[in-house]
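Residue-level structure breakdown
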Amino acid sequence: MASIMRPGLLRQACTKPAASPRMLSTITTTSTINRPLAQQLRPAFQRSVMPKSTRIAAFHATQRNQLLPPLPQKILGTVNDPAPVPNPDYAHGSYHWSFERIVSAGLIPLTIAPFAAGSLNPLTDSILCALLVVHSHIGFESCIIDYFPKARVPLVRTISMWALRIGTLTLGVALYSFETNDVGITEAVARLWHA
Amino acid sequence: MASQRIFQLGLRRAAAPGLRVQPAGRMVQRRLAATEHASQNQAAEILAKQRIARPVSPHLSIYKPQITSVASSLNRITGITLSGALYIFGIAYLAAPYTGWHLETQSMVAAVAAWPMAVKMGVKAFFAFPFFFHSLNGVRHLAWDVGVGFKNQQVIRSGWAVVALTAVGSIYYTFIG
């Protein structure tokens, strides 16, 4: 509607001043000047033949996917605030990473040994259980961190983290009980597999 | 376009120095839409509303499925399957004395032995495929962690090697072993 209000559209009706005293005014005699550069660079037939709405619609051809719609927005701080730098801590970085790899690598011989030896040792079996618990906990923890970001779902994040901690503790107690009262995890799997 | 216009303006000035340029004539553009002052909070609210209407970035579906990405997500899915089963078993084992379930090895073996062959194989396949995939792909990940096999070609080849070995291993342990 605003464009209709513009007196510039009426200029055909008005008589043009002879020596153009309006050189600095925003109304120009050539209408191309107000159009974006990309449109001016297009071939002439495209400009004249295709309606403007179609040309713009082509940009918005991608289907909107509302899988993760935007949350209620909050604007924190200003544009000039520096990015927050977390306090450096060895436990958050490389040590943690190395610990994870050592646990993962440790699982390989412990998994292969019962297959290769054909027998089992209660000690290696219990180490296998302990490493499985730690490995599983780390895996689930990284899933929770990835899929339940603090900024997006703080409550779900906290609840699932505590559920995981309780679950891991329960699993530890359960495996201890299974190792001490029953035949142990490797032997149980072997027997179930050949049942 | 602005530079062209300024150049034109310069030419005209040079041609007719007497002509006084009016900044804007009587046809000056008038904006008839009303504006109102918005406070800092109101402005932030308007901005927040506008941001909700922004287009959302496209999701995973715009990528072509490749062995690199598919194997990576399968690594996580298989890990969750195996660990999830372990957690469920552990919790059930602790709850068993109170719920009357029999989850000691002997009774479980007896129960499984009574299952039909197809069910047994189905359950074996359900655990064998994730187990082999996660174990073999885990070795691949550990190799990357020490900096081995990082070239694109190597990553693709090792990925398909893991798929092949997984198929062989799990089919063997499902039907024969």
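You'll find chain B entered in an unreviewed UniProt entry as Mitochondrial succinate dehydrogenase cytochrome b560 subunit C, with Clathrospora elynae given as the organism. Turning to chain B, the UniProt record has this under Subcellular location (unreviewed entry): "Membrane".

By the naming in an unreviewed UniProt entry, chain A goes by Succinate dehydrogenase [ubiquinone] cytochrome b small subunit and is assigned to Clathrospora elynae. Under the Sequence similarities (unreviewed entry) heading, UniProt states for chain A: "Belongs to the CybS family." The Subcellular location (unreviewed entry) field of the UniProt record for chain A holds the comment "Mitochondrion inner membrane".

1. Focus on the overall build of chain B
Each helix and strand in chain B was counted, giving 6 helices and 0 strands. When its helices and strands are written in sequence order, chain B yields α-α-α-α-α-α. Residues counted as buried form 23% of the 177 residues belonging to chain B. A sequence separation of at least 24 residues applies to 72% of the contacts in chain B between residues at least 6 apart. Split by element, the accessible area of chain B, about 12,600 Å² in all, is 66% carbon and sulfur.

2. Brief notes about the UniProt feature "binding site: heme b" (unreviewed entry) in chain A
All names here are of chain A. If you check UniProt for "binding site: heme b" (unreviewed entry), the listed places come out as His135 in our numbering. Inspection of the secondary structure puts His135 in helix α6 (residues 122–147). A relative accessible area of 25% places His135 in the partly exposed class.

3. Details of the packing of aromatic side chains
A full pass over the atoms with the stated rule returns 8 aromatic pairs over all chains. Taking 5.4 Å as the distance between ring centres and 85° as the angle between the ring planes, the aromatic pair formed by Phe178 of chain A and Phe89 of chain B counts as edge-to-face. Linking Phe178 of chain A in helix α7 (residues 154–181) with Phe89 of chain B in helix α3 (residues 67–99), this pair reaches from one chain into another. Arranged with centres 5.4 Å apart and planes meeting at 80°, the rings of Phe131 of chain B and Phe132 of chain B form a pair that is edge-to-face. Taken together, the ring pairs connect Phe131, Phe132, Tyr172 and Tyr173 of chain B into an aromatic cluster. Directly above the ring of Trp162 of chain A sits Arg165 of chain A, whose terminal nitrogen or CZ lies 4.6 Å from the centroid.

4. Considerations on the pattern of salt bridges
Considering all chains together, one arrives at 4 salt bridges over all chains under this definition. Between Asp145 of chain B and Arg101 of chain A there is a salt bridge whose closest N-O contact spans 2.9 Å. Taken together, the residues span two chains, with Asp145 of chain B in helix α5 (residues 117–145) and Arg101 of chain A in helix α5 (residues 94–117). Between Arg191 of chain A and Glu187 of chain A there is a salt bridge whose closest N-O contact spans 3.1 Å. Of this pair, Arg191 of chain A and Glu187 of chain A are both found in helix α8 (residues 185–193), 4 residues apart, which corresponds to roughly one turn of the helix. Linked through salt bridges whose partners overlap, the residues forming this network are Glu100 and Arg101 of chain A together with Asp145 of chain B.

5. Considerations on the UniProt feature "binding site: a ubiquinone" (unreviewed entry) in chain A
UniProt tags Tyr147 of chain A as "binding site: a ubiquinone" (unreviewed entry). Checked against the element boundaries, Tyr147 of chain A lands in helix α6.

6. Observations regarding the side chain of Asn137 of chain B
Inspection of the secondary structure puts Asn137 of chain B in helix α5. The residues contacting Asn137 of chain B, other than those within four sequence positions of it, are Ala71, Asn75 and Val162 of chain B.

7. Observations regarding the nonpolar core
Among the nonpolar cores identified, the biggest contains 16 residues, and Leu128, Leu131, Leu164, Leu171, Leu175 and Ile185 of chain A together with Tyr87 of chain B are the most heavily contacted of them. If you tally residues by element for this core, the top one is α6 of chain A, at 6 residues. When near neighbours in sequence (up to four residues on either side) are disregarded, Ile185 of chain A contacts Asp125, Leu128, Cys129, Leu175, Phe178 and Glu179 of chain A together with Leu86 of chain B. If you look at the next biggest cluster of nonpolar residues, it comprises 8 residues, including Phe178 of chain A together with Tyr93, Ala96 and Met108 of chain B.

8. Overview of the UniProt feature "transmembrane region" (unreviewed entry) in chain B
All names here are of chain B. In this structure's numbering, the residues bearing the UniProt feature "transmembrane region" (unreviewed entry) are residues 77–96, 108–133 and 154–175. The annotated region residues 77–96 carries 100% helix and 0% strand content, and the separation between its end C-alpha atoms amounts to 28 Å. In this annotation, residues 108–133 is assigned 88% helix and 0% strand; the end-to-end C-alpha distance for the span is 26 Å.

9. What to know about the confidence of the model for chain A
Residues and elements named next belong to chain A. Confidence along chain A averages 75 in pLDDT terms, with 64% of residues attaining 70 or more. The least confident element of chain A is helix α1 (residues 2–5), whose mean pLDDT is 46; the most confident is α7, at 95. Within the model, pLDDT remains below 50 along residues 1–32, and this stretch shows 42 contacts once partners closer than five positions in the same chain are excluded.

10. Some details on a nonpolar patch on the surface
All names here are of chain B. A cluster of nonpolar residues, Trp115, Val119, Val123, Phe126 and Phe127, forms a patch on the protein surface that exposes about 410 Å² of accessible area. Tracing the chain through its elements places Phe126 in helix α5. Given a relative accessible area of 48%, Phe126 falls into the partly exposed group.

Scoring rules and cut-offs
Residues numbered from 1 in each chain as written. Chains lettered and ligands numbered in written order. Predicted model: local features only at pLDDT ≥ 70, side-chain atom pairs only at ≥ 80, totals over all residues. Heavy atoms only, no water. UniProt positions renumbered as here; feature names shortened; annotations may be inferred. Helix = DSSP H or I, 4+ residues; strand = E, 2+ residues; numbered from the N terminus. Buried < 20%, exposed > 50% of the residue type's maximum accessible area, 1.4 Å probe, protein only. Contact = heavy atoms within 4.5 Å. Areas by Shrake-Rupley, 256 points an atom, 1.4 Å probe, with all protein chains shown as cover. Phe/Tyr/Trp six-rings, centres within 6.5 Å; stacked < 30°, edge-to-face > 60°. Lys NZ or Arg CZ within 6 Å of the ring centre and 35° of its normal. Salt bridge = Lys/Arg side-chain N within 4 Å of Asp/Glu carboxyl O. Core = buried A, V, L, I, M, F, W, Y, C linked by side-chain atoms within 4.5 Å. pLDDT = per-residue confidence, 0-100. Patch = residues over 30% accessible without salt bridge, like charges linked within 9 Å, V, L, I, M, F, W, Y side chains within 5 Å.

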